[in-house]
Amino acid sequence: MTDTKTTPVTPAPTTRGVLPLPTAAARPLLLAGGIATAASAFLAWTWTAEFPGDLTINGYPGGLQWLTVVAGILTVLFTLASYDIRGLGWLLPARNTAPLVLTALGAFATTWFTIIAISVELGGLANLEPGGWIAAIAAALPLLGALALPQENTGNAKETFKASIAKAEKIPAPAAVSPWIERLVITVVTAIGLGVFTYGIDTEYGELFVGYLITVVFAMWALHTAGLLDRFSRLVAHNRSFTLAMGFVAAIAFPFTQTDDHYANIGVNILIFGTVALGLNIVVGLAGLLDLGYVAFLGVGAYTAALVSGSEFSRFSGVQFPFWASALTGAAASLIFGVLIGAPTLRLRGDYLAIVTLGFGEIFRIAVNNMDGDSGPDITNGPNGIPSIPDLNFLGFNFGQSHDIGGFTLGRFANYYLLMVLIMAIVVLVYTRAADSRIGRSWIAIREDETAATAMGINGFRVKLIAFALGAALAGLAGTVSAHVTYSVVPTPYQFAGSTPPNSAFLLAAVVLGGMGTVAGPLLGAALLYLLPEKLVFLQDKSLLAFGIALILLMRFRPEGVIANRRQQLEFHETGQLDVPEQRIDDTDDTAVSVTKAGA
Amino acid sequence: MNTLPQQLANGLLLGSMYGLIAIGYTMVYGIVQLINFAHGEIFMTGAFGALTVYFYILPDGTPMAVAVPLMLIGGGIVAILIAVGAERFAYRPLRGAPRLAPLITAIGLSLALQEVVRNFYPGADRARAFPGLDATHDLGSITIKDADIFLIVSAVVCMAALAYFVRKSRTGRAMQATAQDPDTAQLMGIDTNRIIVIAFAIGGFFAAVAAVAYGLKYGNVDYRMGFLMGLKAFTAAVLGGIGNIYGAMLGGLVLGIAETLASAYIDEIPGMQQLGGQSWANVWAFCLLIIVLLVRPQGLLGERVADRA
Amino acid sequence: MRQRSLVILTSVLTTGALTLTACGSRDDKGGDSNNSGGSTTTLTIGVDAPLSGENSTTGLGIQYGAQIAVDDANKKKLVPGVTFKLKAYDDKAQPATGQSNATAITGDKTAVGAVGPLNSGVAQTMQQVFASANMVQISPSNTAPELTQGKNWQTDKKRPFKTYFRTATTDELQGSFAADYAYNGLKKKTAFVVDDKQTYGAGLAKIFNEKYKEFGGKVVGTDHVNTGDKDFGSLVTKIKNSGADLLYYGGQYDESSLITKQLKDAGVNIPLFGGDGMFASTYIETAGKAAEGDLATAIGVPADTLPAAKQFIETYKAKGYKGDYGAYGAYSYDAATAIINAVKAVADANGGKVPTDINDLRSKVVDAVQKSDFEGISGKVSFDEYGDTTNKQLTVYQVEKGEWKAVKTGTAK
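- If you look chain B up in an unreviewed UniProt entry, it shows as High-affinity branched-chain amino acid transport system permease protein LivH from Streptomyces jeddahensis.
- What UniProt records for chain B under Subcellular location (unreviewed entry) is the sentence "Cell membrane".
- If you open the UniProt record of chain B and go to Sequence similarities (unreviewed entry), you find "Belongs to the binding-protein-dependent transport system permease family. LivHM subfamily."

- As recorded in an unreviewed UniProt entry, chain A goes by Leucine/isoleucine/valine transporter permease subunit and comes from Streptomyces jeddahensis.
- Per its UniProt entry, chain A bears the Subcellular location (unreviewed entry) comment "Cell membrane".

1. Section: the overall build of chain B
Phase 1 of the analysis: Scanning chain B from terminus to terminus reveals eleven helices and four strands.
Phase 2 of the analysis: Taking 2.2 N^0.38 as the reference for a compact globule, 309 residues should give roughly 19 Å; the C-alpha atoms of chain B span a radius of gyration of 19 Å, in line with that estimate.
Phase 3 of the analysis: Dimensions of chain B, computed from C-alpha atoms along their principal axes, come out at roughly 60 × 55 × 35 Å.
Phase 4 of the analysis: For chain B, the residues scored as buried account for 62% of the 309 residues in total.
Phase 5 of the analysis: For chain B, the proportion of contacts with a sequence separation of at least 24, taken over those separated by at least 6, is 74%.
Phase 6 of the analysis: Placing the 19 positive and 18 negative side-chain charges of chain B at their respective mean positions leaves the two points 9 Å apart.

2. What to know about the packing of aromatic side chains
Phase 1 of the analysis: Within the structure shown, the criterion is met by 43 aromatic pairs over all chains.
Phase 2 of the analysis: Ring geometry for Phe397 of chain A and Phe399 of chain A: centres 5.4 Å apart, planes at 85 degrees, overall edge-to-face.
Phase 3 of the analysis: Pairing Tyr316 of chain C with Tyr325 of chain C gives two aromatic rings, centres 5.0 Å apart and planes at 55 degrees, and the pair type is tilted.
Phase 4 of the analysis: Overall, the relative accessible area of 2% leaves Tyr316 of chain C in the buried class.
Phase 5 of the analysis: Here Tyr325 of chain C falls in the partly exposed class, since its relative accessible area comes to 21%.

3. Comments concerning the interface of chain C and chain B
Phase 1 of the analysis: Taken together, the contacts link 34 residues of chain C with 36 residues of chain B.
Phase 2 of the analysis: Between chain C and chain B, the buried area comes to about 2,800 Å², and carbon and sulfur atoms account for 44% of it.
Phase 3 of the analysis: Per-residue buried area on chain C facing chain B is highest for Lys230, Asp231 and Asp265 of chain C; these three make up 20% of the total on that side.
Phase 4 of the analysis: Across the chain C-chain B interface, the total number found is five salt bridges.
Phase 5 of the analysis: In this structure, Arg126 of chain B engages Asp324 of chain C in a salt bridge whose closest nitrogen and oxygen atoms are separated by 3.7 Å.
Phase 6 of the analysis: For the pair chain C and chain B, the number of links is 18 residue pairs in polar contact (both at pLDDT 80 or more).
Phase 7 of the analysis: Residue assignment for the side of chain C that touches chain B shows that the elements contributing at least two residues are helix H2 (56-76), strand E7 (218-224), helix H8 (233-242), helix H9 (253-265) and helix H10 (281-287) of chain C.
Phase 8 of the analysis: Ranked by residues supplied to the side of chain C that touches chain B, first place goes to H8 of chain C with seven residues.
Phase 9 of the analysis: The residue makeup of the side of chain C that touches chain B, split by class, is five nonpolar, 16 polar and 13 charged.

4. What about the sheet that holds strand E14 (residues 403-411) of chain C?
Residue and element names in this part refer to chain C.
Phase 1 of the analysis: The mixed open sheet is built from seven strands, whose spatial order is E7-E6-E8-E9-E10-E13-E14. Across the chains shown, the open sheet's two edge strands, defined by having one partner strand only, are E7 and E14. Neighbouring strand axes in the sheet, compared pairwise and without regard to direction, differ in orientation by 25 degrees on average.
Phase 2 of the analysis: Where strand E13 (residues 393-400) and E14 come together, eight bridges link them in antiparallel fashion.

5. Some points on the sheet that holds strand E3 (residues 111-115) of chain C
Residues and elements named next belong to chain C.
Phase 1 of the analysis: The five strands are arranged E2-E1-E3-E4-E5 in an open sheet whose pairing can be described as parallel. The two strands at the open ends of the sheet, each matched to only one other strand, are strand E2 (82-90) and strand E5 (164-166). The mean inter-strand angle of the sheet, taken between neighbouring strand axes irrespective of direction, is 25 degrees.
Phase 2 of the analysis: The sheet contact formed by strand E1 (residues 41-49) and E3 spans four bridges and is parallel. Residue pairing for E3: Ile45 is matched across the bridge by Gly113.
Phase 3 of the analysis: Running over the sheet, H2 touches E1, E2 and E3 and is turned about 170 degrees from E2.

6. Some points on helix H6 (residues 179-202) of chain A
Phase 1 of the analysis: The terminal C-alpha atoms of H6 of chain A, which comprises 24 residues, lie 34 Å apart, in line with the 34 Å expected from a rise of 1.5 Å per residue.
Phase 2 of the analysis: Listed as buried for H6 of chain A are Glu182, Val185, Ile186, Val188, Thr190, Leu194, Thr198, Tyr199, Gly200 and Ile201 of chain A.

7. Some thoughts on the UniProt feature "transmembrane region" (unreviewed entry) in chain B
Residues and elements named next belong to chain B.
Phase 1 of the analysis: Within this numbering scheme, the UniProt entry marks residues 12-35, 42-58, 64-84, 96-113, 149-166, 195-216, 236-258 and 279-295 as carrying the feature "transmembrane region" (unreviewed entry).
Phase 2 of the analysis: Span residues 12-35 is 88% helix and 0% strand, its end C-alpha atoms 25 Å apart.
Phase 3 of the analysis: Between the end C-alpha atoms of residues 279-295 the distance is 26 Å, and the span holds 100% helix and 0% strand.

8. Digging into the environment of Met71 of chain B
Residue and element names in this part refer to chain B.
Phase 1 of the analysis: Structurally, Met71 is set in helix H3 (residues 64-91).
Phase 2 of the analysis: Along the primary structure Met71 and Leu58 are separated by 13 residues, whereas in three dimensions their C-alpha atoms are 9.4 Å apart.
Phase 3 of the analysis: The contacts of Met71, once residues within four sequence positions are left out, are Ala50, Val53, Tyr54, Gly76, Phe130, Pro131 and Val212.

9. Looking at unusual backbone geometry
Phase 1 of the analysis: In this chain, Pro501 of chain A is followed by Pro502 of chain A through a cis amide linkage whose omega measures -10 degrees.
Phase 2 of the analysis: Here Pro502 of chain A shows up in the loop between helix H17 (460-485) and helix H18 (504-514).
Phase 3 of the analysis: At the junction of Gly116 of chain C and Pro117 of chain C, the peptide bond is cis and its omega measures out at 0 degrees in the coordinates.
Phase 4 of the analysis: Of note, Pro117 of chain C is situated in the loop between E3 and helix H4 (120-133).

10. With respect to the interface of chain A and chain B
Phase 1 of the analysis: Opposite the 49 residues of chain A that make contact, chain B presents 51 residues.
Phase 2 of the analysis: Carbon and sulfur atoms supply 76% of the area buried between chain A and chain B, which totals about 4,200 Å² over both sides.
Phase 3 of the analysis: For chain A, the biggest contributors to the area lost against chain B are Asp351, Tyr352 and Ile355 of chain A; these three give 17% of the whole.
Phase 4 of the analysis: There are zero salt bridges connecting chain A and chain B.
Phase 5 of the analysis: The interface formed by chain A and chain B includes five residue pairs in polar contact (both at pLDDT 80 or more).
Phase 6 of the analysis: Sorting the residues of the side of chain A that touches chain B by element identifies helix H12 (323-345), helix H13 (350-370), H18 and helix H20 (543-557) of chain A as the ones contributing at least two each.
Phase 7 of the analysis: Ranked by residue count, the leading element in the side of chain A that touches chain B is H13 of chain A, at 13 residues.
Phase 8 of the analysis: Within the side of chain A that touches chain B, the residues separate by chemical class into 30 nonpolar, ten polar and nine charged.

11. Topic: the packing of helix H9 (residues 225-240) of chain B against helix H10 (residues 245-265) of chain B
Residues and elements named next belong to chain B.
Phase 1 of the analysis: Packing of H9 against H10 leaves a shortest axis separation of 7 Å and a crossing angle of 115 degrees. Judged by the twist between their axes, the crossing of H9 over H10 is right-handed. Mapping the contact onto sequence places Lys232, Thr235, Ala236, Ala237, Leu239 and Gly240 in H9 and Gly247, Ala248, Gly251, Gly252, Val254, Leu255 and Glu259 in H10.
Phase 2 of the analysis: Its residues placed into classes, the contact of H9 with H10 shows six nonpolar, five polar and two charged.

How each quantity is defined
Residues numbered from 1 in each chain as written. Chains lettered and ligands numbered in written order. Predicted model: local features only at pLDDT ≥ 70, side-chain atom pairs only at ≥ 80, totals over all residues. Heavy atoms only, no water. UniProt positions renumbered as here; feature names shortened; annotations may be inferred. Helix = DSSP H or I, 4+ residues; strand = E, 2+ residues; numbered from the N terminus. Rg over C-alpha atoms; globule rule 2.2 N^0.38 Å. Buried < 20%, exposed > 50% of the residue type's maximum accessible area, 1.4 Å probe, protein only. Contact = heavy atoms within 4.5 Å. Lys, Arg positive; Asp, Glu negative; His and termini not counted. Charge placed at Lys NZ, Arg CZ, Asp CG, Glu CD. Phe/Tyr/Trp six-rings, centres within 6.5 Å; stacked < 30°, edge-to-face > 60°. Buried area = accessible area lost by both parts, 1.4 Å probe. Salt bridge = Lys/Arg side-chain N within 4 Å of Asp/Glu carboxyl O. Polar contact = N/O pair within 3.5 Å; in protein donor to acceptor, adjacent residues only side chain to side chain. Nonpolar A, V, L, I, M, F, W, Y, C, P; charged D, E, K, R; others polar. Pairing = 2+ DSSP bridges. Axes fitted to C-alpha atoms, helices over the stretch in contact; angles between N-to-C directions. Expected span 1.5 Å × (residues − 1). Left-handed = near helix turned anticlockwise from the far one by under 90°.

So this is what it looks like as structure tokens:
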């Protein structure tokens, strides 16, 4: 969604592509290559089942080969669309070639990644069956074709290549369709989204996950350059509440697609992490306050819930609150901490606030680690934490046991997952309502220019304190569930930086990486940051190294986050929503109609 | 036995180390308003650079008087290369990006540097022994060793050289100008990119000096040594007033002494017995920071209030 | 035309869905053919430890310790018709990650048991998961008494989870053995007690403190440090001023090697005494001459008196495994071997074949582990009614000329 990548339109005559091939051969090559790539996945690529996924069977693709199939089919689809095959026109509204190049690149990258992974892991190219070689060659074909597509030549190979993957200049607006069709499209996209996301979580080995990431990134990039993402976000903007509802339906559907409670466990951890990231987004994304000790509020919530959970290790072991009460207590305790920390320090500006919050985060961790009656008051049981936290029980529904619902078995973690979906719904609601309100506008005003906002009569301190307290309370709420999910609370996760979420640095990274000030951004960022270290385990002791490099690269190529917040949009066009993705208001009406008719 | 002089000396030593590292934070911040959270890791690589010189380049049995300066050079080169490389390849492309993007880059860089050392430096997956300067001297009620003297002397020399450089040299003055107003400085013909690189390089070299002192004093180095030291040094830089080089050193000294005294004496205060000791020392250090910032929001020697939210 | 595109969209979606389901079913089939094809059953043993980042040196020792056990069993064909496979999970010393690994292990339909984790805090989140799945979990390193003996372990022992075992002794035994040796063996009458505020270190130091006083010693001061601390100047000055004869440290070698060096640099020549967490060659390498005379307790009899243990160390070194086997590698080997032997016992009782129902196998393995009784490389391996090792042999080691030398072997009282 970057505008920076688009190059100015010059009516320069389109010359030959990056590769000096006859342009007439380009598209057939692309088409044939795409089909060949998809087909090559049906061959045996290697001789031994030792490479995960068992790629040894002719006629039956496995694991990574499926990704090659999908990437190949996508290439074919886009190529066919560029041939003006009827019914596929919607894939390429702008008739640009960038999606072709990108899908071809995706197919190439996915296949070659697999081939290289086989050679590296099994120790040598000798481990490739002829099928593997065929796949490698087949996957290179569409790329050659794509690079030979007619393309304006700037004389500089790098620039030309950049231009060939640039987003379409003008995306014609779609023809108006009935709201029901719009909703149907949203439903279908949500279903596909759920499918894609579930596949990502369920990838059983890291190679598959990396391949999956490659395929998804290139596919999304292609859709983006084709202008389909813009179109979709416009649909979303028309049907906000419907999309939100569909999103939650998809989230609720997730555990029903799982047979193994392990993935529900990952799901619940992602949701907890994502919810806290969303709370932090109020503080960082909306109010612009850099908080480096945010994980402490999660800790306050978790410890509060643990203390009143009735665990025999709790200081107040006789006390057992029902969950609604402990959730409220946890949120309230976090809120109080938020106010206590915020009140004296929010008068500080910018980076001074950052270091003070970092300090408070550390104070929290050290304090709970020491308050065991030996080197501090006897409250938190020190480094041993508070284990044996009982499972929740709602009106006879025991969260700790498996339940059969409509033929599906929901395990323990699926139960908690559904509870977390509920909590996240509340948080999303609070977030969107708050961001939309008077106070939300004040936050943004403060974030953009505190002095000017104050001059306009906004009580900067007050609204900042509200942001701080609200963010804290939401994190505390998530903390109360996390205490029950993990059966125990210990001080170690609540640190400034560590190798695995949640910690303050990771929370901040989730917000920044996903996109500050949006709802979907931090959730996506949280999912990514949780899954990356988890799925990179196959790199063994190099996994953290890979993760660090991934962070640097992500920021290098997408510093505004995966889902960027259109601040200008918000300021100048009064859409009233925070996470409306990029729109081109100016060209919706005049140019749109004619072109779309042609396109449809 | 009165332990106060010894404890003050302990704090002073620890503080000089914080101060040396804090210089790197403060100089970079003063010029580009960037919290280089990976600076702690630059400190760590400096230590491994020096270690490489000692174990893999110098012949066995090189006298320490010869080895230490060479280790300083080796560590300095490594730290400067990494600091400048980080600036060039990780931070510079992000200069126009949202303000928090470099922070995430820094976190990634920090992880990556730690892991590179742990994975690829021989034996670095655990602590590695570092040559020491262990001869001790009794000065009244204070015992210090040669490494401590090295630390104090190098801190003083470095600070004096830096003060001279910033005030007197052409580059130093250009640096001041860039810190005050980068745009105007550029209009005046100052190559701000060069100034930024120099700020990173000086920060890297000071971190390497601190790293050699660290190795000589504690006798071993490991790939995680930069994390806590970096955090403390950053705290020190803020305490002293971020952007001010004298503030960084002062902040370091105050923080080091506060931590040591808190660890030594808090538990002697009636009613605070359980809240003393080394495990609480960081809490008191951070409390001190918060109190100072509440009273003086710009830090001890900070001059202007940074108007950047 | 709109309709047409929707048809295509739907077909893409269906293809996608089919893809997913096809993928799933194929993988299952793959597993089956594996099992029947070679007429051997593959059973997985999960190992969970921090394999990256902090603590990973020790964690890798646990992983490869178990790996060697599995390799040995496969080489010797200990259980005919069964090939064991080790699957390593990285918990990064984080409780939530450990729990997620536990659900991954219990969700693996070939897994019979798990070795790990390293940290007691992680164990707390895993125990219940394994108990629900009725799968055996043996930790080579957890020492907190609560894990096996319940909250009121001092007064009223009660086992919380019957699937949890450990080959490490509790802090209680080690702490009192150390206190006994410090007071009666070394004749040190005053001690300064420091711990690192971690479950292991704080627990150990607390028990040493109590027992040492019971023996008649005087604890002249206590302090707590944080893991990751490097400067102990203030602490050293305190110890110097206290005039203690001995420093007892509960924690890992990372901090204790720094403390002993700084202590001796300050001219305080008293020995540092610690637990098995610092019984590693790294301690001596990093502390250098300062380590001379320092002591550590460790479980079992000295490794060089058992040929199997020597063999283990040689294998570990020969394979070039990363990590440090010194701390918990041998216990990890024994933990994995205990699971393997249990599978063998179950198979023997079942007419030489392992039960095909994995749940049945898992619960039988739990019972068989409870009855374990064999000579491991850290000594005799068997478990009492709480799941604790009955190996109460402890050895005190002292650094002599740059090496750990056993000075006293005995049984904890």
